[in-house]
Amino acid sequence: QVQLVESGGGLGQPGGSLRLSCAASGSISRINTMGWYRQAPGKQRELVAVIRSDSTMDFADFVKGRFTISRNNANNTVYLQMDSLKPEDTAVYYCYANVRPIGSFLSRSYWGQGTQVTVSS
């Protein structure tokens, strides 16, 4: 089994910064893609940013230039640095990882439990 544990959410001010972390643990043979999605009330879950094992990245247009993503392969952790926060960034942020478990030839997707980010003055 694979677990994703997020940390770092909370209240941020408009124009301010927050940093999210997500650590993957368990029966992990290989982690392919890691990243972040978010879901605001009444909206569908949407991609924020992902980073692949070759370090290539994708970002949603609404966070380009404001958010950065990084990962530490030594400890299976992905980070989301959120700068220039806007009230519309308020959402539950979910960590995502595409993982090949030990003993399996197939990879599958795993999700964290979500962490609330609220941007308000």
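Data block above holds the structure.
Treat the numbers as computed from the prediction; the structure is a model and nothing was measured.

**Considering the overall build of the chain**
Then step 1. Tallying secondary structure elements over the chain gives zero helices and 11 strands in all.
Then step 2. Listed by position from the N terminus, the elements making up the chain come as β-β-β-β-β-β-β-β-β-β-β.
Then step 3. Relative to the globule expectation of 14 Å for 121 residues, the C-alpha radius of gyration of the chain, 14 Å, shows essentially globular dimensions.
Then step 4. Within the chain, buried positions represent 43% of all 121 residues.
Then step 5. Nonlocal contacts in the chain, meaning residues at least 24 apart in sequence, comprise 54% of its contacts between residues at least 6 apart.
Then step 6. In the structure as shown, the chain presents an accessible area of about 6300 Å², 48% of it carried by carbon and sulfur atoms.

**A closer look at the state of the cysteines**
Then step 1. In this structure the tally under the stated criterion is one disulfide.
Then step 2. In this model, Cys22 is linked to Cys95 through a disulfide, with the two sulfur atoms separated by 2.0 Å. What sets the handedness of the Cys22 and Cys95 disulfide is the S-S torsion sign, and at about -85° it is left-handed. Residue Cys22 is located in strand E3 (residues 18–26), and its partner Cys95 is located in strand E9 (residues 91–101); the two are separated by 73 residues in the primary sequence.

**Concerning the environment of Gly16**
Then step 1. Relative to the helices and strands, Gly16 resides in the loop between strand E2 (10–12) and E3.
Then step 2. We classify Gly16 as buried; its relative accessible area is 18%.
Then step 3. Ignoring anything within four residues of it in the chain, the contact list for Gly16 reads Met82, Asp83, Ser84 and Leu85.

**Here's the deal with the pattern of salt bridges**
Then step 1. Under the criterion given, the structure shown has five salt bridges.
Then step 2. Glu46 is the salt-bridge partner of Arg38, the closest N and O atoms lying 3.0 Å from each other.
Then step 3. The salt bridge involving Asp89 is made with Arg38; its shortest N-O contact spans 3.0 Å. Remark: Arg38 occurs in strand E4 (residues 28–39) and Asp89 occurs in the loop between strand E8 (77–82) and E9; sequence separation between them is 51 residues.
Then step 4. When its relative accessible area of 6% is taken as the criterion, Arg38 is described as buried.
Then step 5. Here the residues in one salt-bridge network are Arg38, Glu46, Arg66 and Asp89, joined through shared partners.

**So, the environment of Arg52**
Then step 1. For Arg52, the position within the fold is in the loop between strand E5 (46–51) and strand E6 (57–59).
Then step 2. The partly exposed category is assigned to Arg52, whose relative accessible area is 28%.
Then step 3. Taking the C-alpha atoms as reference, Arg52 lies 28 Å from Pro41; in sequence the two are 11 residues apart.
Then step 4. Among residues more than four places away in sequence, those in contact with Arg52 are Asn32, Thr33, Met57, Asp58 and Arg71.

The rules behind the values
- Residues numbered from 1 in each chain as written.
- Predicted model: local features only at pLDDT ≥ 70, side-chain atom pairs only at ≥ 80, totals over all residues.
- Heavy atoms only, no water.
- Helix = DSSP H or I, 4+ residues; strand = E, 2+ residues; numbered from the N terminus.
- Rg over C-alpha atoms; globule rule 2.2 N^0.38 Å.
- Buried < 20%, exposed > 50% of the residue type's maximum accessible area, 1.4 Å probe, protein only.
- Contact = heavy atoms within 4.5 Å.
- Areas by Shrake-Rupley, 256 points an atom, 1.4 Å probe, with all protein chains shown as cover.
- Disulfide = S-S within 2.5 Å.
- Salt bridge = Lys/Arg side-chain N within 4 Å of Asp/Glu carboxyl O.

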